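# Coordinates in review
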Amino acid sequence: MTFPLEADAGQVPPGRRPPRSGKTVRRWRIALALLAVLLVALGADAAVLAGRMGQIDVDLSGGPGDTDGRTWVLVGLDSRDRLPDGADATAFGTPDQVPGARTDVIVVVHQTDAATTVFSVPRDVVVRTDRRPGRLALTWLSGPRATVDGLCQLGIPTDHLVSVDLAGFAAVVDAAGGLDVDVPEPVRDPSAGLQLTGTGHQQVDGATALALVRSRHPEHLVDGEWVPAPVDPDGRATAAGTVLSALMTQVRSASLRPWRLQSVAWAASGALATDPGTSTGDLASLARAELDDLRVLPVGEPLGGTIARLPTADTRAAVASAGLSCDR
C-alpha cells in the first residue's frame, strides 16, 4: 500500500500537492472502532480474553440511556502510563511530565433494530466539567464519569463505554507481524518519536506505527530540507488513518494463520477496558454492527487563538437526527 503523508488541512507549501480529503481521517476513526471490538470479531476464546480486559470505574446503570436502542462510546486514550517496547520515552514524556489520560478520539455507535449510526465527536468541542467550560479531550482527567456527563451535555447518552489503550495498539501491530507501508518521501516528527529516513516499501514495527498515529507536526524531506507538512484540524496527521486501515488489513489476513490470529486477539484484549455492565456478549453485538458509514459531528470553528470549538445548532440537530437524547 502507498503511505500518504500529506494531511487534511492547512497551508500547502509551493510545489506540494493539495491536502487530501477527510476520508483518511474518517478511516482512522472507523479503524479505532474496529480495534475496540477486535477480540470478539476474531472469534477467539472470549472467556479467556475477557479476563485480560481492564475495567473502567464508572456505573452507567440508571443513566439516561437509550429507550429505542443502545449507544456505545468508544474512547481512544493517550496515556503515558504504559509505553510500547521500542518507543522513544523522551518523545512521549513520562507520566510525571504528562499525567493522566486524555480522550484522543471519541467514536459513538448508536444501535437500533432498524439501523446503526456511527459518528465521531471532535475532541476539542467545549463542555462543562465541575461548572467550568473546557475541551472534551480533557474531561477524562477528572474521570470517565466527567466524559460521560460531557457527552450528555451534547445530547449523547452512554449505555456502554469502551476505552482503547493506544500504547496497546503498538502491541497489536507487533502481534500482527508489523505493517507494510510504501513511504514516498522521508518523514520525521521529533515530538512523536517518528523518524523514517528511507523511501519505498518497508515494514514498520508497533512503536513506529504508533509514532505515525501520534504525529501532529510531520515534516517531509524536500530538496534536502525538512518542510512542515499540512495537518488536519484535529491535529492528527493523515498517516493515522492509513496506519490503522493497514492494521485491519493485516489482521484480516491473519485469519488464514490461526497462530497469528490468537496472538493478535491476545494483544488486543490487553488494550481494552469496559464499564462493569458491558459483557463479552454485548461486545459481540457491537462486532456485528456495520461501522462503515461514519460521519463527523459538526461543531463550530476554532475560537480565536485557541483550538476550542463550541457546539452549534447543527450539533444539536445532528444528535437529534440520530435519535439520541439525554432528556429521558
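Described below are features of the structure shown in this document. Sequence order sets the numbering: in each chain, residues are counted from 1 along the sequence as written. Predicted model: local features are reported for residues with pLDDT of at least 70 only, side-chain atom pairs are reported and counted for 80 or more only, and whole-chain, interface and lining totals are derived from all residues. Side-chain metrics in this entry use all non-hydrogen atoms of the structure; hydrogen atoms and water are not considered.

Moving on, we come to unusual backbone geometry. Backbone geometry at Asp-130 places phi at a positive 55 degrees, although glycine is not the residue there. Mapping Asp-130 onto the fold places it in the loop between strand E5 (126-129) and strand E6 (132-135). Relative accessibility thresholds used throughout: buried, under 20% of the residue-type maximum; exposed, over 50%; partly exposed, between the two (1.4 Å probe, protein chains only). Classification of Asp-130 as exposed rests on a relative accessible area of 58%. A positive phi is found at Asp-223, a non-glycine position, where the angle reads about 55 degrees. Under the scheme used here, helices are H or I runs from DSSP no shorter than 4 residues and strands are E runs no shorter than 2 residues, and both carry numbers assigned from the N terminus. If you trace the backbone, Asp-223 turns up in the loop between strand E12 (219-222) and strand E13 (225-228).

We now examine the environment of Ala-175. With respect to the element layout, Ala-175 can be found in helix H6 (residues 166-175). Taking C-alpha positions, Ala-175 is 9.0 Å from Ala-268, a pair spaced 93 residues apart along the chain. Between two residues, a contact is recorded if the distance between any of their heavy atoms is within 4.5 Å. Every residue in contact with Ala-175, bar those within four places of it in the chain, is listed here: Arg-260, Ser-263, Val-264 and Ala-267.

In this text, buried Ala, Val, Leu, Ile, Met, Phe, Trp, Tyr and Cys residues form a nonpolar core when linked through side-chain atoms within 4.5 Å. Counting 26 residues, the largest nonpolar core has Val-108, Phe-119, Val-121, Ile-156 and Leu-161 as its most contacted members. Within the residue set of this core, elements represented by two or more residues are strand E2 (70-79), strand E3 (101-111) and helix H5 (144-153). If we ignore the near neighbours within four places in the chain, the residues touching Val-121 are Ile-106, Val-108, Leu-136, Leu-151, Leu-154, Ile-156 and Leu-297. In terms of nonpolar packing, the next biggest core, distinct from the first, is built from 15 residues, Val-173, Val-181, Val-187 and Leu-196 among them.

We now examine the sheet that holds strand E9 (residues 187-189). As summarised here, the arrangement of the four strands in space is E10-E9-E12-E13, forming an open sheet in which the pairing is antiparallel. Two strands close off the open sheet at either side, each with one partner strand: strand E10 (194-196) and E13. Between one strand axis and the next, the sheet turns by 30 degrees as a mean value, whatever way the strands run. Following DSSP output, two strands are said to pair if at least two bridges run between them. A fitted line through C-alpha atoms serves as each axis, taken over the contacting stretch for helices, and the angle formed by two N-to-C directions is quoted from 0 to 180°.

By definition, a salt bridge exists where a carboxyl oxygen of Asp or Glu is found within 4 Å of a side-chain nitrogen of Lys or Arg. A complete count under the given rule lists four salt bridges for this structure. With a shortest N-O distance of 2.5 Å, Arg-135 and Asp-124 are connected by a salt bridge. One end of the pair, Arg-135, is in strand E6; the other, Asp-124, is in the loop between strand E4 (116-120) and E5, with 11 residues separating them in the sequence. Asp-124 gets classed as buried once you look at its relative accessible area, which sits at 3%.

Note on terminology: disulfide denotes any pair of cysteine sulfur atoms within 2.5 Å. Tallied over the entire structure, the rule returns one disulfide. Here Cys-152 is linked by a disulfide to Cys-326, with a sulfur-sulfur distance of 2.1 Å. Taken together, the residues Cys-152 in helix H5 and Cys-326 in the segment after helix H11 (313-321) connect sequence positions 174 residues apart. A residue is classified by how much of its surface remains accessible, and Cys-152, at 24% relative accessible area, is partly exposed. Look at Cys-326 and you get buried, because its relative accessible area is 13%.

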